[in-house]
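Per-entry structural report
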Amino acid sequence: MKVLVIGSGGREHCLAWKISKSTLVDKVYVAPGNSGMADVAECVDIGPEDFKALAAFCQKEGISLTVVGPEAPLVKGIADYFQDRGLVIFGPRKKAAMLEGSKVFTKRISNKYGIPTAEGVEFGQEDYEKARDHLNGLDDKSYPKVLKADGLAAGKGVIIAGNKKEALSCLDDLLLRKKFGDASKKVIIEDFLSGYEVSLLCLYDGESVLPMDLAQDYKRIYDGDKGPNTGGMGSYSPVPFVSEALKEKILEKIIYPTCRGLHSENIRYQGVLYAGLMICEHEPYLLEYNVRFGDPETQAILPRLKEDIVPYLLDTTKGTLSKKNMVWEDSRGVCAVLASKGYPKSSSRGDIIEGLDGHGLEDILIFHSGTRMDGGRLVTDGGRVLGVVGKAETFTSARKKVYSAIEKIRFSGMQFRKDIALRAEEA
Ligand code: AMP
Ligand code: GLY
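The structure contained in this document is the topic of the report that follows.

Tallying secondary structure elements over the protein gives 13 helices and 21 strands in all. In terms of C-alpha radius of gyration, the protein reaches 21 Å, essentially the compact-globule figure of 22 Å for 427 residues. The principal-axis extent of the C-alpha atoms belonging to the protein is close to 60 × 45 × 45 Å. Looking at the protein as a whole, 56% of its 427 residues qualify as buried. Contacts in the protein between residues at least 24 apart in sequence constitute 69% of all its contacts with a sequence separation of at least 6. As displayed, the protein offers around 18000 Å² of accessible surface, 48% of which is attributable to carbon and sulfur atoms.

This is the structure we're talking about:
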């Protein structure tokens, strides 16, 4: 069969790579993809939100399965569009994708179905004065507070305000100056939770939940979690300090009640249900849901899956997930992202990338995010450029492999974190 992956980042390269290994699959396409994916897939020059052209391509080429990488097309209803035309697509329909598309929706579901999450209050643009009064009424000890734009804001819609002044100015940005357009027509002001974060990605077909191994990602640009947030500078999987008992608690307190809640709301969900969680003194709290694979978590998780992923993806679309467990290698996966000069404020394009061939290391995978070919040479083409993934029996040797491979790779202004999975190695 033929499979189409939608998107163009490292996550999509990893998905295409894993799908290309399936014995069921003859050919993988990626739309739009990037030239670094040519090793596993053919790129098709159609944007992820051009539903009409994507569906026409699938019909013409006889694509049996489409897998959606990024959230925006899901939130805009690509699954509805495809399914209404009889095309098989992996990813939730528009109504279900609200779990990522609206933080207000998710907060309401959490409160209604008793899912532990930070306590929060929602305010619309018409409630601007009320929101100011709310912030003004808090004493200094109540800070930091977290302000969240309701809708999709390219990962920038969450602001942690250290004090009242910052919170009020951030509120003005969101509600008055509509910093994120319609996405900040509503905001949530919630309590700050402290603890450590983990990501749990599950396959969910509307009936059965199949959790993957846990992962952790690194959002800040610099070592030691310093500097501004990014799209993700690295990840690792599994997470040694989350016990089986804690994972079970996450399922019992967060994932299953969410699934039952969606049922009660008559919302059928099929796809990846990705919970971003804060663990506070051994108790899990939901920070957010994503309705897709994580980037860069996917790059650390999927290479460790022992089995073919395609039957899982197909079963999810059909509501026939029956297995209780996915079979994982007993290995440790580490992904370090190489970013371009200026990232995350800006990104440098056109810098020549060298040293990708001949690192000579086994179990190293290189996934392309922001690269393109220019006159026969590979150059940078975005903020996050490459993800270098290593697998080994221990985190120590997986990290060694990743960082030895990185030593060989060069481009002007290359940035990366040197502490990816260090805390797992020390655990
Ligand atoms: P979200 O998009 O809701 O996951 O937020 C992005 C990031 O902001 C999370 O990964 C956390 O690092 C941080 N964050 C979000 N909500 C909270 C909260 N209530 N307390 C502390 N940090 C938070
Ligand atoms: N790693 C965070 C995300 O995929 O949203």
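Don't stop here, the text continues.
A word on the site of ligand 1. The local shell around ligand 1 holds 15 residues, among which Glu190, Asp191, Leu193, Glu197 and Glu288 are the closest. At 2.9 Å, a backbone N or O of Asp191 approaches a nitrogen atom of ligand 1. Separating an oxygen atom of ligand 1 from a side-chain N or O atom of Glu288 is a distance of 3.0 Å. Across the complex, the protein chains shield 88% of the 470 Å² of accessible surface that ligand 1 would expose by itself. Elements with a contribution of two residues or more to the shell around ligand 1: strand 7 (145-149), strand 8 (158-161), strand 9 (186-191) and strand 15 (283-290).

An order of 3-2-1-4-5 is seen for the five strands of this open sheet, with the pairing classed as parallel. Each of the sheet's edge strands pairs with one partner strand only, and the pair in question is strand 3 (42-43) and strand 5 (89-90). Pairing of strand 1 (residues 2-7) with strand 2 (residues 27-32) involves six bridges; the strand directions are parallel. Across the sheet, the residue bridging to Gly7 is Pro32, located in strand 2.

Glancing now at the site of ligand 2. Taken together, the residues surrounding ligand 2 are Asp217, Tyr274, Asn290, Arg292, Gly294, Asp295, Pro296 and Glu297. In the environment of ligand 2, a nitrogen atom lies 2.7 Å from a nitrogen or oxygen atom belonging to the side chain of Asp217. Contact between ligand 2 and Arg292: an oxygen atom at 2.8 Å from a side-chain N or O atom of the residue.

Tallied over the entire structure, the rule returns 36 salt bridges. The salt bridge involving Arg132 is made with Asp172; its shortest N-O contact spans 3.7 Å. Here Arg132, found in helix 7 (residues 128-136), pairs with Asp172, found in helix 8 (residues 164-176); they are 40 residues apart in sequence, far enough to count as distant. Linking Arg372 and Asp374 is a salt bridge whose minimum nitrogen-to-oxygen distance equals 3.9 Å. You can call Arg372 partly exposed: its relative accessible area is 30%.

Cut-offs and rules
- Residues numbered from 1 in each chain as written.
- Chains lettered and ligands numbered in written order.
- Predicted model: local features only at pLDDT ≥ 70, side-chain atom pairs only at ≥ 80, totals over all residues.
- Heavy atoms only, no water.
- Helix = DSSP H or I, 4+ residues; strand = E, 2+ residues; numbered from the N terminus.
- Rg over C-alpha atoms; globule rule 2.2 N^0.38 Å.
- Buried < 20%, exposed > 50% of the residue type's maximum accessible area, 1.4 Å probe, protein only.
- Contact = heavy atoms within 4.5 Å.
- Areas by Shrake-Rupley, 256 points an atom, 1.4 Å probe, with all protein chains shown as cover.
- Near = heavy atom within 4 Å.
- Polar contact = N/O pair within 3.5 Å; in protein donor to acceptor, adjacent residues only side chain to side chain.
- Pairing = 2+ DSSP bridges.
- Salt bridge = Lys/Arg side-chain N within 4 Å of Asp/Glu carboxyl O.

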